[in-house]
Amino acid sequence: MIRALCAVFLAAVFLSALGAPLLAPSSYARQFRDSPNAAPSRTFRLGTDELGRDRLSRLLYGSRTSLLLAPAAAALAVAVATAAGGAAALARGVPEMAFLGAFDLTMSLPWMFLLLTVRALLPLDVSPAASVCLTFALLGILGWAGPARVIRTAAREILSADYVLAALSRGLPRTRVLLVHVLPNLKPVLSAQFWTSIPVFILAEANLGMLGLGVAEPLPSWGSLLRDLEGQVTGSANLLAHCWLLAPVALLLMTVLAVHVLFGPEYSQ
Amino acid sequence: MKQLVLWLAAGAALTAWSAESPRMGGQLRLAIQAEPKTLNPLLASDEPSSLVRYLTTGVLIRLNRATQTLEPELAASWKVGEGGRRISFRLRNGVTFSDGTPFSAQDVCYTIDRILEPGAESMIADAIRFEKGKLVCRADRADAVTLVLPAPRVGFALLWDGVPILSARSAQKDKASLGPFLIAGQKAGAYLLLGRNPRYWKRDAEGRQLPYLDSIRLEIQRNRDFELLRFRSGDFDLINNLSPDSFEKLKAEMPSTVRQLGVSLDSEQMWFNQAPGGPVPAHKKQWFQSRDFRLAVSQAIHRDDIARVVYKGLATPASGPVSPANLFWHNAALRPAPADAKAALSRLVHAGFRMRGQWLYDPSGNPVQFTIVTNSGNQSRQRMAAMIQQDLLATGIRVSVAALDFPSLIDRITQSFDYEACLLGMVASELDPNEQMNVWPSSAGQHQWNPSQKKPATDWEAELDRLMQQQASALDPTNKTRKAAFDRVQQIVVEQAPFIYLVYPNAAVAVAPGVRNVDASVLRPQTLWNAERIYLDARTKTASR
């Protein structure tokens, strides 16, 4: 029942994000300068932000940004992790140690500072759309090490299975063994890594957004919407009186929860 | 009946006295946003260190932050002679440092020697160092000191507001204080406690020794939201530099505590990169070097909207480089450019740009688009950039906004010049135009749009050089010649728009109920400039501290 509810919820969020141009009452960038910080009304269902932009429109477009690009970044991270994890599983001796060292080193890097540095080195004259794609691409490229360790362990187990040993002893090339016998059997692990990476990247982009380094203005994302909360959270009474401001937080939490219920390690067994 | 009237009059007088007479004692608490980098008064340059220096040291002349006039402090009087080459101070008699060491002319000369000591690295040194010759300090008598300058220097008297006088003979060395307070305790990363100087020389009208307060506790609180929460809960008594968001919140909840001080000395501005060495495409450089392009961009921006929406009314549309808060040096003839997208577009068309569809193209057919960089983490600036983005759409110009971490931003605008336009603010702490000698001359490092030029790149920059030199060397007691020269500087800056001034943020502070005699000023340290006269009302919670 809970899984069905989560599936319906996720489907609704994805569909509304995809249909943002049709559903949003106005452009996400349009500034109604006579109504900044407006409370919810018939005109602005979720009120307006500091610049008078419709919060509902920004939430819909922001969901599209975060929900479409986070899976893309997760796919990129899992692809890199599959290549690195697979190679590490096949390697022995010094190369194996080198792979494991690379995993550990990458995981121990202060990725936030690394992202800040890489982001600062990127050209400035990129459009907001390109900037958001670059941000998620960076997240994907830098987020491979964790999944790679898991994939290596799983691949090593499969490689020592009888049917793989039999295939190898019959003289099948190693690449064919990998592609035909190992990879299909890794599918559940890859799927779990993919789905569990999505919320990680959504939260990472939100973190970058909080620093003002995620998605460029005026394009919204969940990160930039969360950043708008900065300074508003100075008292519980104040927050309760303006509870509609918490819509992006609620949506982010519920989405992450739904993804975990549907595709988390316990449920994916 | 007559007796009754007398009794009533006496009672009323007593009530008035008990209500008005300042109460001695109590502790004032407020937050500083960072730990002071140094407690050495000669090295103070950051805001917390400067505040501690202000409260714990004495100066010869004090700038009255309310009237912006110079007033005698440790010097009872002063006289400028020999065409500005000689300044004679007559010092107050009977003044002692906090440890009882008498204050004399010897201390003034000792302080100057300390500042000019090789390797001392005092920020004040540059102001009293001369290219040719050396400042000579002569202690004529215990209460008279003469400074002989190798060359006249304008605005020299104002400088002494920032020169802390140290003791030449005290066993406590630099810790001996001539200010209203002295450093009484400190916990790294937590707080700094300033105690009352028991030998402070100032007295109030009733002859009582100042300061009224026993101590001031400066708590290091980096997060301004927490500062606000602690003010609400009565933990803090004052907030300086209140942000527009915090002002709005406090105004709604504790309206009697907030004070709007009006326009500040600071400004927010944007500029285009005109540095020849920067890796900016040649066609974009041409736009940025075009006066019409810069003026059109300036004309398309709705400064009123920025002041109203981003600053919630706590800012004033900017008219030029000097804010009206600088009462004497502001050029009152300048007015903020009214937003007019049509006029901006027609200026661009006149300059050869063309609209095709909804976008603007330059005479060579390149689409007109540029990126504004600003510092990440500053929401007001990012919002301003977003508003400029929308304003410029009306002229067909596409703007991207990139928020960079501060070190990367500074590297781009000062070293690599790899940027197109930048939006930042300028914090002005001094009134005199001499303080802007590092901005307006074409050779200056902070001539941000094209810094450190060997020869002025344009005629108007050559004129800026000449005018700044003229105001720096004109020695007229009324400052008329200087004012005329600096007014022209401001006019040229507005006409040429190398900096496009957006708004002057207003200054606002919060003062807890029960804190009396706070005469807050837009000049730093806003609420504490007359700290020796601040007292706590006996009826408030703060008084129990």
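Residues numbered from 1 in each chain as written. Chains lettered and ligands numbered in written order. Predicted model: local features only at pLDDT ≥ 70, side-chain atom pairs only at ≥ 80, totals over all residues. Heavy atoms only, no water.

*Asks:* An account of the overall build of chain B is requested, with residue identities and associated values reported.
*Replies:* From N to C terminus, chain B includes 15 helices and 22 strands. In terms of overall size, chain B behaves like a compact globule, its C-alpha atoms giving a radius of gyration of 26 Å where 545 residues would be expected to give roughly 24 Å. When the 545 residues of chain B are sorted by exposure, 54% land in the buried category. In chain B, once contacts between residues fewer than 6 apart in sequence are set aside, the share between residues at least 24 apart is 68%. A gap of 2 Å separates the mean positions of the 65 positive and 54 negative side-chain charges of chain B. (Helix = DSSP H or I, 4+ residues; strand = E, 2+ residues; numbered from the N terminus. Rg over C-alpha atoms; globule rule 2.2 N^0.38 Å. Buried < 20%, exposed > 50% of the residue type's maximum accessible area, 1.4 Å probe, protein only. Contact = heavy atoms within 4.5 Å. Lys, Arg positive; Asp, Glu negative; His and termini not counted. Charge placed at Lys NZ, Arg CZ, Asp CG, Glu CD.)

*Asks:* So what about the overall build of chain A? Which residues, and what values?
*Replies:* Of the regular secondary structure elements, chain A holds 12 helices and 0 strands. In sequence order, chain A lays out its α and β elements as α-α-α-α-α-α-α-α-α-α-α-α. With respect to the principal axes defined by its C-alpha atoms, chain A has extents near 75 × 45 × 35 Å. Taken across its 269 residues, chain A has 48% of its residues classed as buried. For chain A, the accessible surface area stands at approximately 12,800 Å², while carbon and sulfur atoms represent 70% of it. Across chain A, the 19 positively charged side chains and the 14 negatively charged ones have centroids separated by 8 Å. (Areas by Shrake-Rupley, 256 points an atom, 1.4 Å probe, with all protein chains shown as cover.)

*Asks:* Tell me about the sheet that holds strand β7 (residues 144-148) of chain B, and name the residues and values.
*Replies:* Residue and element names in this part refer to chain B. On the basis of which strands lie adjacent, the open sheet formed by 4 strands has the order β4-β5-β7-β6 and antiparallel pairing. Both edges of this open sheet fall to β4 (75-81) and β6 (136-141), since each of them pairs with a single strand only. With direction set aside, neighbouring strand axes in the sheet form an average angle of 20°. Of the pairings in the sheet, the one linking β4 to strand β5 (residues 86-91) comprises 6 bridges and is antiparallel in character. Bridging from a neighbouring strand, Trp-78 pairs with Phe-89 of β5. In the packing of helix α3 (residues 105-116) onto the sheet, contacts are made with β5, β6 and β7, and the angle to β6 comes to roughly 170°. (Pairing = 2+ DSSP bridges. Axes fitted to C-alpha atoms, helices over the stretch in contact; angles between N-to-C directions.)

*Asks:* Go over the confidence of the model for chain A, please, and point to the residues and values.
*Replies:* Taken residue by residue, chain A gives an average pLDDT of 85. The fraction at 70 or more is 91%. Of all the helices and strands in chain A, helix α11 (residues 236-241) of chain A carries the lowest mean pLDDT, 66, while helix α2 (residues 20-23) of chain A carries the highest, 93. (pLDDT = per-residue confidence, 0-100.)

*Asks:* Run through the domain arrangement of chain B, naming residues and quoting values.
*Replies:* Interface size is commonly expressed as the accessible area that is lost once the parts come together. Residues and elements named next belong to chain B. Per the domain assignment, the segments making up chain B are domain 1 (2-55 + 179-237 + 512-544), domain 2 (58-169) and domain 3 (267-505). Inter-centroid distance (C-alpha atoms) of domain 2 to domain 3 is 37 Å. Across the domain 2 to domain 3 interface the summed buried area is about 730 Å²; carbon plus sulfur atoms make up 66%. For the pair domain 2 and domain 3, the interface holds 0 salt bridges. The tally of links from domain 2 across to domain 3 stands at 2 residue pairs in polar contact (both at pLDDT 80 or more). Class assignment of the residues belonging to the side of domain 2 that touches domain 3 gives a composition of 4 nonpolar, 4 polar and 1 charged. (Domains from an automatic or database assignment. Buried area = accessible area lost by both parts, 1.4 Å probe. Salt bridge = Lys/Arg side-chain N within 4 Å of Asp/Glu carboxyl O. Polar contact = N/O pair within 3.5 Å; in protein donor to acceptor, adjacent residues only side chain to side chain. Nonpolar A, V, L, I, M, F, W, Y, C, P; charged D, E, K, R; others polar.)

*Asks:* Residues and numbers for unusual backbone geometry, please.
*Replies:* Residues and elements named next belong to chain B. Of note, the amide linkage connecting Leu-210 to Pro-211 takes the cis form, showing an omega dihedral of 0°. Its location among the elements puts Pro-211 in the loop between β9 (191-196) and β10 (215-220). With an omega dihedral of -5°, the bond running from Arg-524 to Pro-525 counts as a cis peptide bond. In this structure, Pro-525 sits in the loop between β21 (515-516) and β22 (535-536). One non-glycine residue, Glu-82, lies in positive phi territory at about 50°. Among the structural elements, Glu-82 can be located in the loop between β4 and β5. A positive phi is found at Ser-452, a non-glycine position, where the angle reads about 50°. Inspection of the secondary structure assignment puts Ser-452 in the loop between β19 (421-426) and α14 (459-473). Classification of Ser-452 by relative accessible area gives partly exposed; the value is 49%.

*Asks:* Outline helix α6 (residues 224-232) of chain B, supporting the account with residue identities and numerical values.
*Replies:* Structurally, the α-helix is built with 3.6 residues per turn, so residues lying three or four positions apart point the same way. All names here are of chain B. Where α6 is concerned, the buried positions are Glu-227, Leu-228 and Phe-231. Mapping the buried residues of α6 onto a view down its axis gives an arc of 100°, with all of them on the same face. Packed against the buried residues of α6 are β1 (27-32), β11 (238-239), α7 (244-253) and β20 (499-511). Two or three places before Asp-225, at the start of α6, stands the capping residue Asn-223, its side-chain oxygen 2.7 Å from that residue's backbone nitrogen. (Arc of directions from axis to C-beta.)

*Asks:* Just give me the short version of the interface of chain B and chain A, but keep the residues and values in it.
*Replies:* Taken residue by residue, the interface counts 35 residues in chain B and 30 residues in chain A. Around 2,500 Å² of area is buried between chain B and chain A when both sides are counted, 47% of it from carbon and sulfur atoms. Its largest share of buried area at the contact with chain A, chain B owes to Gln379(B), Arg383(B) and Gln390(B), together 19% of the area lost on that side. The interface formed by chain B and chain A contains 5 salt bridges. Residue Lys312(B) pairs with Glu50(A) through a salt bridge whose shortest N-O separation is 2.8 Å. There are 7 residue pairs in polar contact (both at pLDDT 80 or more) connecting chain B and chain A. Of all the secondary-structure elements, those providing two or more residues to the side of chain B that touches chain A are α6, α7, α10 (303-310), β17 (369-375), α12 (379-393), β18 (398-404) and α13 (406-416) of chain B. It is α12(B) that provides the largest number of residues to the side of chain B that touches chain A, a total of 8 residues. Residues that form the side of chain B that touches chain A fall into these classes: 11 nonpolar, 10 polar and 14 charged.

*Asks:* How would you sum up the packing of helix α8 (residues 282-289) of chain B against helix α9 (residues 291-300) of chain B? Please name residues and give values.
*Replies:* All names here are of chain B. Taken N-terminus to C-terminus, the directions of α8 and α9 make an angle of 70°; their axes are 5 Å apart at the nearest point. By the angle between their directions, the pair α8 and α9 is classed as roughly perpendicular. Contacts from Trp-287, Phe-288 and Gln-289 of α8 reach α9 at Arg-291, Phe-293 and Arg-294. For the contact of α8 with α9, the residue count by class is 3 nonpolar, 1 polar and 2 charged. (Parallel < 35°, antiparallel > 145°, perpendicular 65-115°, else oblique.)

*Asks:* Tell me about the environment of Gly278(B), and please be specific about residues and values.
*Replies:* Residues and elements named next belong to chain B. If you trace the backbone, Gly-278 turns up in the loop between β13 (267-272) and α8. On the accessibility criterion, Gly-278 (5% relative accessible area) is buried. In sequence terms Gly-278 and Gln-415 are 137 residues apart; their C-alpha atoms lie 9.1 Å from each other. Among all residues touching Gly-278, those that are not within four sequence positions of it are Lys-285, Ser-416 and Phe-417.

*Asks:* Before we move on, could you go through the packing of aromatic side chains and cite the residues and values that matter?
*Replies:* Residues and elements named next belong to chain B. For the coordinates displayed, the defined rule picks out 26 aromatic pairs over all chains. Look at Trp-287 and Phe-293: their rings are 5.9 Å apart centre to centre, the planes differ by 35°, and that puts the pair in the tilted class. Phe-293 matches Trp-287 in its accessibility class, with the two residues each being buried. Taking the centre distance of 6.2 Å and the plane angle of 85° together, the rings of Trp-329 and Phe-486 count as edge-to-face. Residue Trp-329 is found in the loop between β14 (315-317) and α11 (341-350), and its partner Phe-486 is found in helix α15 (residues 480-496); the two are separated by 157 residues along the sequence. Between the NZ or CZ atom of Arg-398 and the centre of the ring of Trp-359, over which it lies, the distance is 4.2 Å. Between the NZ or CZ atom of Lys-483 and the centre of the ring of Phe-328, over which it lies, the distance is 5.9 Å. (Phe/Tyr/Trp six-rings, centres within 6.5 Å; stacked < 30°, edge-to-face > 60°. Lys NZ or Arg CZ within 6 Å of the ring centre and 35° of its normal.)

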